[in-house]
Amino acid sequence: MSILFSPAKIGTLQLRNRLVMTPMHLGYSPKGEVNDQLIEFYRARARGGVGLIIVGGCGIDRIGNAFGMTQIDDDRYIPGLRQLVDAVHAEGAKIVPQLYQAGRYAHSALTGKPSVAPSPIPSKLTGQTPEELTEEKIKEVIDSFSNAAKRAQTAGFDGVEIIASAGYLISQFLSPVTNQRTDRYGGDLEARMTFGLEVVEAIRKAVGPDFPIIVRVAGNDFVPGSNTNTESRAFCQALEKVGVNAINVTGGWHETQVPQITMNVPPGAYAYLAHGIKQAVSIPVIACNRINTPELAENILEEGLADFVGMARPLLADPELPNKAMTGETDSIRPCIGCNQGCLDNIFRLKPVSCLVNAEAGREFELGQIPQSAQTQKVLVIGAGCAGMEFARVATLGGHKVTIWEESGQTGGQLALAAAPPDRQDFGYLANYLARACQKLGVEINYNVKATSDMILTAVQNEGFNRVVIATGARPITPSIKREEGVKVLQAWDVLLGREKTGQNVIIVGGGAVGVDTALLLAEAGTLNSETLRFLMLQHAETDQELYRLLTQGSKKITVLEMVKGIGRDIGASTRWSMLADLKRHKVNCLDNHTVLEIRADGVLVESTGDSTQKVIPADTVVLAIGSCSQNELYNNLQGKLEILSIIGDAAKPRKVLDAIHEAYAEGIK
Ligand code: SF4
């Protein structure tokens, strides 16, 4: 990691390395204030070795901000902001706030006022129509930006970042889709750039020539009719001319239909956007979006695609990532798996950010270090799924001696199911991390042990275990549906794990996350693989249209049946839209509001909930994805027979991986 951890400069700002924590909306400041939650969150990341932290976003006014956002629109926030700055500086990192105005993405229900924008074009995110900014109001917004920058300087920040990406106010001025003004702020690209450039000029005037200014741009809006990398490059060149010191290049707007940070985005996919900008300017460029390992970051720098690398979620997942990378302990980094379940999905639900893989994220102020137990316990854990392993990891760090009995020949439990569909392999990285962590800590894992109550009671008596934790997970439900011979009936779990093969005409019963995952896995059968695609493209062997067809149309015909309204309702908002788009692309037939009445020899008899019409859908295979139930028999049998017995994860109640990990952590620190 010789480049990533080499010192570098942004303007006058000397940084200890080239790793930047890019801004994240955290929702930790319910009243706009800096508080212990925010300070300890960032202190942990600074202590972890990152070079620069960009605090994001910080509201420059009250009409363009969002839920739980840190505010920088009033002098009364300066003392708190100074505390945050001091905490980060004390750990050797530098810190800048991101100055944020959401324009038409702000919601009046949160701000109490109508949102504003260059033109009154309804927002796809809020469904609301913003008020068009008059020239007088534009001047007020520019003043709010420059006043906020001056406050940042007074509070001791090392610079500022201005957000001109993601579809927020400045990008709305830049785009012909959202800027239809006929005054000097609208028209051709040069006119549309005016607002953003005036913001920068006003800030430069307020903070003087040496205070670093970074601008975050969309390398490509990925919105039909909006700016592409050509316009973005021109804007960055103009930014350089007005004294901007670095460009932070992200991907598209929030309303884009091109996934930006979900698990299906290949790591480092958007570094090419940063490279395009780097070729057009001479100031430093930061690459970001799904750069999730230090190895990938180093590679991006080595290949000259960017001067700095931005990471946000990987540092939420593991604040110690930089230190671990610097000391060569990359295999002990807890990976961000791009699931968004604890971070982005929480923001959509107006909840503070947490993290699926890191139960401490956002709770540093109340948890501190894992407490050391006064007395070492000998703990027997039944099950090496994610809950069992996370418990073992945390309890061992707390000073206990943990042994796991695992029924199968491997660790990870249901994470293997989650990792099976296309582009979901990151769940497997979590399983690998937990297994490595347990191994390093000396947790004893015994495989192929089918535990019984008697075996556990004997072990407690003979081997001195003084605590037993049941983490036996769940098993799939088999519904009682009338069935004729002829059609193959399988469980989705067996299909996902490759234990069973389907025919060519498949009906999946159950349209939740497991049903959708199974449909996507089967839909890929018979499509082009990436190597063949690359070969055919380089040889210009097929038309684009034909390649698209070959990529999306496999050999199987697939139908997903769901009893109630909506497919994939249990998938988080940040990911669901893209998985539904994948189903559509692969021509998976999705029927919600349909009840299965009977599995017949030639297919499935279904009834529509709406009009009660019945029909037979032909199939040679039926895959059941109805849900799961807890495997809690051991726990029930042992209750009252052991002094300390607990149950965690899906064995207690089938839920999401996040719940299992967080519950296991809480049990582990007891
Ligand atoms: Fe990464 Fe998921 Fe954690 Fe978000 S919740 S930081 S995506 S692991």
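About the cut-offs
Each chain carries its own residue numbering, running from 1 in the direction its sequence is written. This being a predicted model, a pLDDT of at least 70 is required before a residue's local features are given, and a value of 80 or more before pairs of side-chain atoms are given or counted; all residues contribute to the totals for chains, interfaces and linings. We count a stretch as a helix when DSSP gives it H or I for four or more residues in a row; a strand needs E for two or more, and each element gets its number in order from the N terminus. Exposed residues have 12 or fewer other C-beta atoms within 10 Å of their own C-beta, buried residues have 20 or more, and residues in between are partly exposed; the C-beta atoms are placed from the backbone. Contact criterion: two residues are in contact if their C-beta atoms, reconstructed from the backbone, are within 7 Å. As used in this record, a residue near a molecule or strand is one whose C-beta atom, placed from the backbone, is within 6 Å of it. For this classification, Asp, Glu, Lys and Arg are treated as charged, while Ala, Val, Leu, Ile, Met, Phe, Trp, Tyr, Cys and Pro are nonpolar and the rest, including Gly, are polar. One confidence number per residue, pLDDT, is output by the predictor and ranges from 0 to 100. Expected span of a helix, by definition, is 1.5 Å for each gap between consecutive residues, and there is one gap fewer than residues. Annotation comment: domain bounds sourced from an automatic or database domain assignment. UniProt positions are given in the numbering used here, feature names are shortened, and annotations may be inferred rather than shown by experiment. Axis definition: a line fitted to C-alpha atoms, over the contacting stretch in the case of helices. Angles run 0 to 180 degrees between N-to-C directions. Roughly parallel here means an angle under 35 degrees, roughly antiparallel means over 145, roughly perpendicular means 65 to 115, and every remaining angle is called oblique. Here a crossing is called left-handed whenever its near helix is offset anticlockwise from the far helix by less than a right angle, and right-handed whenever the offset is clockwise. When DSSP locates at least two bridges between a pair of strands, those strands are taken to pair.

## Regarding the overall build of the protein chain
Then comes step 1: Within the protein chain, the secondary structure is distributed over 24 helices and 29 strands.
Then comes step 2: Relative to its full complement of 670 residues, the protein chain shows a buried share of 51%.
Then comes step 3: Summarising the internal contacts of the protein chain: among those between residues at least 6 apart in sequence, 72% fall at separations of at least 24.

## A few points about the site of the ligand
Then comes step 1: The immediate surroundings of the ligand are formed by 14 residues, with R313, C336, G342, C343 and C355 found nearest.
Then comes step 2: Per-class residue counts for the shell around the ligand are 9 nonpolar, 4 polar and 1 charged.

## Overview of the confidence of the model for the protein chain
Then comes step 1: Taken over all residues, the pLDDT of the protein chain has a mean of 96, while the share at 70 or more is 100%.
Then comes step 2: Of the two predicted TM-score estimates for the complex, the pTM is 0.95 and the ipTM is 1.00.

## Details of helix α4 (residues 135-154)
Then comes step 1: The end-to-end C-alpha distance of α4, which contains 20 residues, comes to 29 Å, matching closely the 28 Å that a straight helix rising 1.5 Å per residue would cover.
Then comes step 2: Summarising the contacts, the buried residues of α4 are in contact with α2 (78-90), β6 (94-100), β9 (160-164) and α6 (189-207).
Then comes step 3: Remark: G156 follows α4 within two positions and exhibits a positive phi of approximately 100°.

## A short note on the domain arrangement of the protein chain
Then comes step 1: In terms of domains, the protein chain is made up of domain 1 (8-367), domain 2 (378-475 + 629-668) and domain 3 (482-626).
Then comes step 2: Using C-alpha coordinates to define each centre, domain 1 is positioned 39 Å away from domain 2.
Then comes step 3: With 13 residues of domain 1 in contact, the opposing surface of domain 2 contributes 16 residues.
Then comes step 4: Residues belonging to the side of domain 1 that touches domain 2 are distributed by class as follows: 6 nonpolar, 5 polar and 2 charged.

## Concerning the UniProt feature "domain: NADH:flavin oxidoreductase/NADH oxidase N-terminal" (unreviewed entry) in the protein chain
Then comes step 1: Annotation from UniProt places "domain: NADH:flavin oxidoreductase/NADH oxidase N-terminal" (unreviewed entry) at residues 4-328.
Then comes step 2: Across residues 4-328 one finds 35% helix and 16% strand; the C-alpha atoms that close the span lie 13 Å apart.

## Examining the packing of α6 against helix α7 (residues 229-241)
Then comes step 1: The N-to-C vectors of α6 and α7 enclose an angle of 40°; their axes lie 10 Å apart at closest approach. Looking at the two axes, α6 sits oblique to α7. Crossing of α6 over α7 shows right-handed handedness. Along its contact with α6, which presents L189, M193, L197 and V200, the element α7 presents E231, A234, F235, A238 and L239.
Then comes step 2: When grouped by side-chain class, the residues that make up the contact of α6 with α7 number 8 nonpolar, no polar and 1 charged.

## Structural notes on the sheet that holds strand β26 (residues 614-618)
The strands making up a sheet associate through backbone hydrogen bonding, with each pair oriented either parallel or antiparallel.
Then comes step 1: Overall, mixed pairing links the 4 strands, which are arranged β19-β24-β25-β26 in an open sheet. Edge positions in the sheet fall to β19 (482-483) and β26, since each has one partner strand and no second.
Then comes step 2: Direction of pairing for β19 relative to strand β24 (residues 594-600): parallel, over a ladder of 2 bridges. Paired with R483 across the two strands is I599, which belongs to β24.

## Considerations on unusual backbone geometry
Then comes step 1: In the segment running from G56 into G57, the intervening peptide bond is cis, with an omega of -25°.
Then comes step 2: Examined against the element boundaries, G57 turns out to sit in strand β4 (residues 52-59).
Then comes step 3: Of note in this structure, A166 is not a glycine but carries a positive phi near 65°.
Then comes step 4: Considering the arrangement of structural elements, one finds A166 in the loop between β9 and α5 (169-174).
Then comes step 5: For A166, a count of 23 C-beta atoms within 10 Å translates into the label buried.

## Some words on the environment of D210
Then comes step 1: You can see D210 is positioned in the loop between α6 and β10 (213-218).
Then comes step 2: The sequence separation of D210 and T12 amounts to 198 residues, and the corresponding C-alpha distance is 6.3 Å.

## Some points on the pairing of strand β22 (residues 557-561)
Then comes step 1: For β22, a buried count of 4 out of 5 residues is recorded, marking the element as mostly surrounded by other parts of the structure.
Then comes step 2: Note: strand β21 (residues 505-509) against β22, 5 bridges, orientation parallel. Each bridged residue has a counterpart across the sheet, and for I507 the counterpart in β22 is T559.
Then comes step 3: Across 3 bridges, the pairing between β22 and strand β23 (residues 589-591) is parallel. Paired with L561 across the two strands is L591, which belongs to β23.

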